[in-house]
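Here are the chains, one letter per residue:
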Amino acid sequence: MKLSFSHYISLLRMYLRPQWFKVCLLMLLLFGSIGLDLYNPQLLEHFIDSIHEGLDSLLWIALLFIGLVCVHQVLTTLASYLSEAIGWQATNELRFDLTLHCLNLDMSFHKEHTPGELLERVDGDVAQLSDFFSQFIFYMLGQGLLLIGILAVTFWTDWRVGLLLLAFTALMLTAIRSLRGIAVPYFRASRQASAKLSSFFEERLVSVEDISGNGAQPYVLARLNQLSRQRLHFTLLSSVTGRFFSSAVEISVALTMAAALTLGAYLLRNGQMSLGTVYATYAYTSLLSGSLSIITFQINKIQVATASLQRITELHHTPNAILDGPGADLPGGALAVRFAQVSFGYNPEQSVLRDISLELTPGRTLGLLGRTGSGKTTLTRLLYRAYDAREGSVLLGNIDVRQYKLAELRSRIGVVTQDVQLFQASIRDNLTFFDASISDERILEVMTNLRLTPWYDSLPEGLDTMLAAGGKTLSSGEAQLLAFARVFLQDPALVILDEASSRLDPVTEKLIEGAIQLLLEGRTGIIIAHHLETVRHVDDILILDEGQVQEYGARQQLAADPTSHFAHLLQTGLVEVLA
Ligand SMILES: Nc1ncnc2c1ncn2[C@@H]1O[C@H](COP(=O)(O)OP(=O)(O)OP(=O)(O)O)[C@@H](O)[C@H]1O
């Protein structure tokens, strides 16, 4: 993605505007420090040319010089503090905006991008922009003014020196302008390689148990080696290209310095210039060189920032495939569910659900059965709009789900998946999803309702008990119970349960069975069942086969019909239907 100049400006405007006071203060400090930079050689010139005058005046000039150096240091320290503060605040806000954007993006985006890759963008790339916000604009502006100041003073001192420095400056600026984007592709490739590496680490660390269990360490190391080499290749290319750029500037600086000194020596010998002025010429040339070096350094930095900015902008412009609906009123109480000739696939070539129609009146529970991969989970995902149906419509409360505001729709649907997401936080925060407005009394009430008090009593620090990352200290049964309590607190109108496929111990299984009954009371429910006992209490049964409805009807009727697939299932005791 190519970025225009206005893109940088609008980004700066967006993130620097809230800090306008600090920005103005920083500008003032920079102007002060530039003024001192320009004045110092004049003072030294005056000192050298007054060498034959009285000691008193030399002492005053020396004291003034020392005083100005101290003031300069104070200004520079304050300016660097402010620029750091501005840069970090701006990048923190950008990080916040990007995180929110990523959290709102649809599931298909998250399936394509691993958390490790996103981490590199939201954190790594944004960190690269810190200097862009804090220094780039100020340094470029400051150094630009300093350049003009140096040229004006040298022209005023001696037009020949002024002309020499002007020619050098023009040459350097032209070179900088034409070489400015040279390293961007390498920086971009290097950032991309870093993202790949992070994504690799994330994936492998998550599956560390399987990797060590299956002896896959050599493969992991070989792949790590390959990815590290890729990153090294691009990082080397980018830094060598950047270095080449800086070296060209430094060689030109040395040549100009030599030319300025030669000119100064010539004019001094001819009596057209004082020794102090020769020194001032040297000092201005070196100031000018320093200034051009800073500009080059900043241009190098902007090349890195541009590569990161391109990646961030791409992410920011990634459209959400699931758009918020115009807004419709969700009826109170349990909600009716209807699928009208729904078809869906995760990609255009694939067809995961085909022509699905079903109707659940408010308060009824549907048991979903079918072989693994038949589309059960996919069907439920369409209800809370993790994805949208390709054809047909999904209705909740007799209104198409696409009409509702997403947040409102999702707040009325409680989902318990097999893979319960738990955070490294207290049991309280895990239950309330960090919603501090939910009182402990309410949480304990839910625990009691779900008959989880014995489990709760076994927790060493009650609600303050900390869970390990990913809830690794809980058994899968306990994690499911926690997820039930979480959904109960949310008080949804529709409950979707993906039953754990593995068997739990009989005590936990009893607890879960009870919790499911309580959870479904007064609510509409859909249970993806992996055990036949789970569908003992449901009202309706839908059996999916390769994305199509194989059988659908009231549980009792199907059970009573010996020709039905469901009856066959009950007889064989198998949960998967063998066609
Ligand atoms: N995010 C996804 N992207 C692409 N394909 C997917 C995705 N999720 C599921 N699939 C595919 O869609 C099909 C249906 O998957 P789904 O998870 O709905 O089946 P399921 O009946 O719930 O299976 P299980 O009982 O094993 O959970 C499978 O072929 C699966 O590989």
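In this text the structure is predicted, and so the values were computed from the model without any measurement. (Residues numbered from 1 in each chain as written. Predicted model: local features only at pLDDT ≥ 70, side-chain atom pairs only at ≥ 80, totals over all residues. Heavy atoms only, no water.)

Engineer: Can you break down the UniProt feature "transmembrane region" (unreviewed entry) in the chain residue by residue, with the values?
Structural biologist: Mapped onto this numbering, the UniProt entry annotates "transmembrane region" (unreviewed entry) at residues 20-39, 59-82, 136-157, 163-187 and 244-267. For residues 20-39, helix accounts for 100% and strand for 0%, while the C-alpha atoms at its two ends are 29 Å apart. (UniProt positions renumbered as here; feature names shortened; annotations may be inferred. Helix = DSSP H or I, 4+ residues; strand = E, 2+ residues; numbered from the N terminus.)

Engineer: If you had to explain helix α5 (residues 115-128) to someone new, which residues and values would you point to?
Structural biologist: Given a rise of 1.5 Å per residue, 14 residues ought to cover 20 Å, and the 19 Å separating the end C-alpha atoms of α5 matches this to within 8%. Every buried residue of α5 is accounted for by Gly 116, Glu 117, Leu 118, Glu 120, Arg 121, Val 122, Gly 124, Asp 125 and Val 126. (Expected span 1.5 Å × (residues − 1). Buried < 20%, exposed > 50% of the residue type's maximum accessible area, 1.4 Å probe, protein only.)

Engineer: An account of the site of the ligand is needed here, citing residue identities and associated values.
Structural biologist: Taken together, the neighbourhood of the ligand is formed by 15 residues, with Thr 372, Gly 373, Lys 376, Thr 377 and Thr 378 sitting nearest. Within the contact set of the ligand, an oxygen atom lies 3.1 Å away from a backbone nitrogen or oxygen of Ser 374. One nitrogen or oxygen atom from the main chain of Gly 375 is found 3.0 Å from an oxygen atom belonging to the ligand. Here the element with the most residues in the shell around the ligand is helix α12 (residues 376-381); it accounts for 4 residues. In terms of residue class, the shell around the ligand is made up of 3 nonpolar, 8 polar and 4 charged. (Near = heavy atom within 4 Å. Polar contact = N/O pair within 3.5 Å; in protein donor to acceptor, adjacent residues only side chain to side chain. Nonpolar A, V, L, I, M, F, W, Y, C, P; charged D, E, K, R; others polar.)

Engineer: So what about the domain arrangement of the chain? Which residues, and what values?
Structural biologist: Parsing the chain into structural domains produces domain 1 (7-316) and domain 2 (337-572). Look at where the C-alpha atoms of domain 1 and domain 2 centre, and you get two points 54 Å apart. (Domains from an automatic or database assignment.)

Engineer: Any chance you could break down empty space enclosed by the protein for me, citing the residues and the numbers?
Structural biologist: Evaluated as defined, the whole model comprises 1 cavity of 30 Å³ or more. The calculated volume of the largest cavity comes to roughly 30 Å³. Along its surface, the largest cavity is lined by Gln 128, Asp 131, Phe 132, Phe 136, Gln 298, Lys 301, Ile 302 and Ala 305. For the lining of the largest cavity, the secondary-structure elements that each account for two or more residues are α6 (130-157) and α11 (275-316). No other element matches α11, which puts 4 residues into the lining of the largest cavity. In terms of residue class, the lining of the largest cavity is built from 4 nonpolar, 2 polar and 2 charged. (1 Å grid on protein atoms, 1.4 Å probe; cavity = no way out; pocket = protein on both sides within 12 Å on 5 of 7 lines; lining within 4 Å. Points joined across faces, edges and corners; volume = space filled by probe spheres on them.)

Engineer: With reference to specific residues and values, describe the packing of aromatic side chains.
Structural biologist: Here the structure, examined in full by the defined rule, presents 8 aromatic pairs. The interplanar angle of 65° and the centroid separation of 5.8 Å between the aromatic rings of Phe 423 and Phe 433 together place this pair among those described as edge-to-face. With Phe 423 in the loop between β6 (413-416) and α14 (427-432) and Phe 433 in the loop between α14 and α15 (440-449), this residue pair connects regions lying 10 residues apart in the sequence. Grouped by ring-pair contacts, the aromatic residues Phe 344, Tyr 346 and Tyr 387 constitute a single cluster. (Phe/Tyr/Trp six-rings, centres within 6.5 Å; stacked < 30°, edge-to-face > 60°.)

Engineer: Before we move on, can you summarise the packing of helix α2 (residues 20-49) against α6 with the specific residues and values?
Structural biologist: Between α2 and α6, the shortest axis-to-axis distance is 10 Å and the interhelical angle comes to 30°. In terms of orientation, α2 and α6 fall into the roughly parallel class. The two elements α2 and α6 cross, and the hand of that crossing is right-handed. Along the contact surface, α2 presents Val 23, Leu 26, Met 27, Leu 30, Phe 31, Ile 34, Asp 37, Leu 38 and Gln 42, while α6 presents Ser 134, Phe 138, Leu 141, Gly 142, Leu 145, Leu 146, Gly 149, Ile 150, Val 153 and Trp 156. (Axes fitted to C-alpha atoms, helices over the stretch in contact; angles between N-to-C directions. Parallel < 35°, antiparallel > 145°, perpendicular 65-115°, else oblique. Left-handed = near helix turned anticlockwise from the far one by under 90°. Contact = heavy atoms within 4.5 Å.)

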